[in-house]
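Descriptive structure summary
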Amino acid sequence: MKKLVINTILTFLLISSISCKKVLEDHPLNITTEDYIWDKTDATGAYAQAWVIKIYSQLPTGYIRLNSMELDCASGDAVPSNRANAVWNVINGGYNAISTFDDNWSNSYSAIRKANIFLNNYQQVPWSDPTLPKWLAAEVRTMRAFFYYEMVKRFGGIPLLGEKVYGPNDPELLQLKRNSFAECINYILSELDAVKDQLRPDASLASRGNGNGVAEGTDNDAGRMRPSIALAIKAKVLLLAASPLFNPSATPSLDFTGYPTYDPQRWKNAADAMKTIMDMNMFALEPNRYILNTTHVNKEFVFMRFGASYQTTWGNLISPVGYTVGNVVSSGIVSPTQELVDAFPMANGKAISDPNSGYNAANPYNSRDPRLAQTIFFNGTTWLRRAVQTYEGGLDKPNSSNVAGGIQTQTGYYQKKFLAQDDNNTAFTATMYHPGVTPTFCIIRYADILLNYAEAQNEFSGPDATVYSAVNAIRQRAGLNPFVLPTGLSKEQMREVIRNECRLEFAFEERRFYDIRRWKIAKDVYGTGSLHGVNIIKNADGSFTYSQTTVATPFFNASSMYLLPIANSEILANPNIVQNPNY
């Protein structure tokens, strides 16, 4: 099976037309009958395989799925460049049960229902290859567990459906209650443990790339659920269960938001699960971080949604507005905040607040962590053979309605993450990051495993040598010199280092929004002050003057917003589904 199998088999999805029902699930086929899907004469199981691919297609897409914005625009690390974009409503007013911004509840239950339909019917197919249905069933159960995890991290405890396929008018469907958080976690873990040895074998490290940060790997089943992915999802589930939001050290949580008492063993369980993946020697950090943008298959990707082919459209969307490539004016849709920029240390690894770091406020981007220039366009950085101009009146902040419909950076910065290294090129290199029906989106990469291990191990036993090793590996790949952390850090100091490394390493990868909630620090991050940008004036002698400017004052209600609200329509349809507190 070729590595583009998932993209290829998607064409089979034309066989069905799906009509949605709001409560928990969607109705099955309304044109193609189930007898046609579970064809008792088709030894290849082609349509049954297409059904599985339909479930794959509901995995997270990332990028611009939040009102054509990235989730990080609601995390404090960025804002939309367009002041009319609805994400500003989330920034300024938060979210509630009437005005939700996330459709994960309906999407996940839709996928779970499809999974249950498959598991209840796939054995009707006369499979000529007895191994294939075993693999497919395990893949489906792994995805079902993942969709439950996606809901639990948003809502806390949610209704578990088991293996049952509910009809659209089934009265039991309208009487379901929320399971506790602990019940949900235990169910997800039990499912992943049950199937991890039934999935198709993992690819070798060698097949994931040549190790020089250039070539794409040759894994023919990339994108399919594998034992390593089941283990990685399990590790993320355990980390969530160990985190402060769901593992409180003081006040017990409600039964559908967390366990009743703090348990340090949960950190140990998460660390051990991460270490299991590390010890498999199937993944490694790619030495060149740009390879993560230009290949689907590489040594670092553990779990991704495998999708469409390479495109250049992402360059047009996020490059500064003064660039025109292929007769298309760039849109610069994302404006990173000063808070994110300031989180990047100097190239020597010291925070810019350290008086010994060498930071110069008059030349603020000089000698910074190389990841800053890989993540953010700032004034003076080279892009497509010219310097970015985000000073007032510059090409990329013209303050004119003649450019990009008057839309420009709100902060003095633009996002660069996910682009290729086109500083000295004249056009965009095609990358896998672009809007489309089936984009490739990496959900877990090996850097996650290392930093998650460091977090869990540090919380359980403090900053031992293995914690230092994991964090230092990330800093070394980043290009910091020296990359080695100072010895003698306390647990609290190491915690802050790890959290900041997560922020920098995974900027714009849909992690920050949920990290600051599971860590229960969202109120401190953006709920008590303002978000800022930079105002840059070009002086007559060619030098620049930098000053801070306020761009937003985010709203965050700590009594409710650490969990997302369940849509009010779901509560009205089934009052047994109790709303999250204070919505």
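Residues numbered from 1 in each chain as written. Predicted model: local features only at pLDDT ≥ 70, side-chain atom pairs only at ≥ 80, totals over all residues. Heavy atoms only, no water.

1. Re the overall build of the protein chain
Counting its secondary structure elements, the protein chain contains 19 helices and 12 strands. Against the compact-globule benchmark of 25 Å for 583 residues, the protein chain has a radius of gyration of 24 Å, which places it among compact chains. In terms of overall dimensions, the protein chain has a C-alpha envelope of 80 × 55 × 50 Å along the principal axes. When each of the 583 residues of the protein chain is scored for burial, the buried share is 59%. Long-range pairs, those at least 24 residues apart, make up 72% of the contacts in the protein chain between residues at least 6 apart in sequence. By element, 51% of the accessible surface of the protein chain is carried by carbon and sulfur atoms, the whole surface being about 21600 Å². For the protein chain, the distance from the average site of its 53 positive side-chain charges to the average site of its 53 negative ones is 1 Å. (Helix = DSSP H or I, 4+ residues; strand = E, 2+ residues; numbered from the N terminus. Rg over C-alpha atoms; globule rule 2.2 N^0.38 Å. Buried < 20%, exposed > 50% of the residue type's maximum accessible area, 1.4 Å probe, protein only. Contact = heavy atoms within 4.5 Å. Areas by Shrake-Rupley, 256 points an atom, 1.4 Å probe, with all protein chains shown as cover. Lys, Arg positive; Asp, Glu negative; His and termini not counted. Charge placed at Lys NZ, Arg CZ, Asp CG, Glu CD.)

2. Section: the packing of helix H6 (residues 131-155) against helix H8 (residues 227-242)
Contact pair H6 / H8: the axes reach a minimum separation of 11 Å and the direction vectors enclose 20°. Taken together, H6 and H8 sit at an angle that is classed as roughly parallel. The hand of the H6/H8 crossing is left-handed. Of H8, the residues touching H6 (which contributes Thr142, Phe146, Tyr149, Val152 and Lys153) are Ala230, Ile233, Lys236, Val237 and Leu240. Grouping the constituent residues of the contact of H6 with H8 by class yields seven nonpolar, one polar and two charged. (Axes fitted to C-alpha atoms, helices over the stretch in contact; angles between N-to-C directions. Parallel < 35°, antiparallel > 145°, perpendicular 65-115°, else oblique. Left-handed = near helix turned anticlockwise from the far one by under 90°. Nonpolar A, V, L, I, M, F, W, Y, C, P; charged D, E, K, R; others polar.)

3. A short note on the environment of Asn356
Within the secondary structure, Asn356 is located in the loop between helix H12 (338-343) and helix H13 (370-375). The exposure class assigned to Asn356 is exposed, which follows from its relative accessible area of 61%. Apart from residues no more than four positions distant in its own chain, Asn356 is found in contact with Asn348 and Lys350.

4. Digging into the pairing of strand E11 (residues 531-538)
Sheet analysis places E11 next to strand E12 (residues 544-552), joined by eight bridges and oriented antiparallel. Bridge pairing links Asn535 to Ser547 in E12. The antiparallel hairpin formed by E11 and E12 contains five residues in its connecting segment, where Gly542 sits at a positive phi of about 90°. (Pairing = 2+ DSSP bridges.)

5. Topic: the packing of aromatic side chains
What the rule picks out here adds up to 24 aromatic pairs. Aromatic rings pair up to connect Tyr365, Phe378, Tyr391, Tyr413, Phe544 and Tyr546 into one cluster. Positioned over the ring face of Phe513 is Arg517, at 3.6 Å from the centre of the ring. (Phe/Tyr/Trp six-rings, centres within 6.5 Å; stacked < 30°, edge-to-face > 60°. Lys NZ or Arg CZ within 6 Å of the ring centre and 35° of its normal.)

6. What to know about the pairing of strand E10 (residues 441-445)
In terms of burial, E10 is largely enclosed, as five of its five residues are buried. In terms of strand pairing, strand E2 (residues 301-305) meets E10 through four bridges, oriented antiparallel. Looking at E10, one finds that Met304 is bridged to Cys442.

7. What about the pattern of salt bridges?
The tally for this structure, following the rule as stated, stands at 36 salt bridges. With its nearest N and O atoms 2.8 Å apart, the salt bridge here joins Arg518 to Glu455. Taken as a pair, Arg518 in helix H17 (residues 512-518) and Glu455 in helix H14 (residues 446-461) lie far apart in primary sequence, 63 residues in all. The pair Arg518 / Glu455 is uniform in exposure class, with both members buried. A salt bridge links Arg518 to Asp515; its shortest N-O distance comes to 3.0 Å. Taken as a pair, Arg518 and Asp515 lie in helix H17 at a separation of three residues, close to a single helical turn. An identical accessibility class is assigned to Arg518 and Asp515; each is buried. Linked through salt bridges whose partners overlap, the residues forming this network are Arg289, Glu300, Asp369, Arg371, Lys417, Arg445, Arg475, Arg477, Glu501, Glu505 and Glu509. (Salt bridge = Lys/Arg side-chain N within 4 Å of Asp/Glu carboxyl O.)

8. Digging into helix H9 (residues 265-278)
Here H9 is 14 residues long and its end C-alpha atoms lie 20 Å apart, about the 20 Å a rise of 1.5 Å per residue gives. If you check which residues of H9 are buried, you get Arg266, Trp267, Ala270, Ala271, Ala273, Met274, Ile277 and Met278. Summarising the axial view, the buried residues of H9 lie within an arc of 160°, below the 170-degree limit, and thus occupy one face. Buried residues along H9 sit in contact with H8 and H14. (Expected span 1.5 Å × (residues − 1). Arc of directions from axis to C-beta.)

9. Digging into helix H15 (residues 465-478)
Because each turn of an α-helix spans 3.6 residues, side chains separated by three or four positions in sequence point in the same direction. Over its 14 residues, H15 runs 20 Å from end to end, which matches the ideal 20 Å to within 8%, given 1.5 Å per residue. Listed as buried for H15 are Val467, Tyr468, Ala470, Val471, Asn472, Ile474, Arg475, Arg477 and Ala478. Lining the buried residues of H15 we find H13, E10, H14 and helix H16 (491-505).

10. Things to note about the confidence of the model for the protein chain
Low-confidence regions, as indicated by low pLDDT, have predicted coordinates that should not be scrutinised in detail. Residue-level pLDDT values for the protein chain average 90, and 91% of them are 70 or greater. Overall, residues 1-31 carries pLDDT values under 50, and its contacts beyond four positions in sequence, including any with other chains, amount to 88 contacts. (pLDDT = per-residue confidence, 0-100.)

11. Let's talk about the side chain of Ser335
For Ser335, the position within the fold is in strand E5 (residues 334-336). Assessed through its relative accessible area of 0%, Ser335 is described here as buried. For Ser335, the side chain forms a polar contact with the main-chain nitrogen of Gln410, separated by 3.0 Å. Residues within four places of Ser335 in sequence aside, it is in contact with Ala78, Val79, Ser81, Gln408, Thr409, Gln410, Thr411 and Tyr413. (Polar contact = N/O pair within 3.5 Å; in protein donor to acceptor, adjacent residues only side chain to side chain.)

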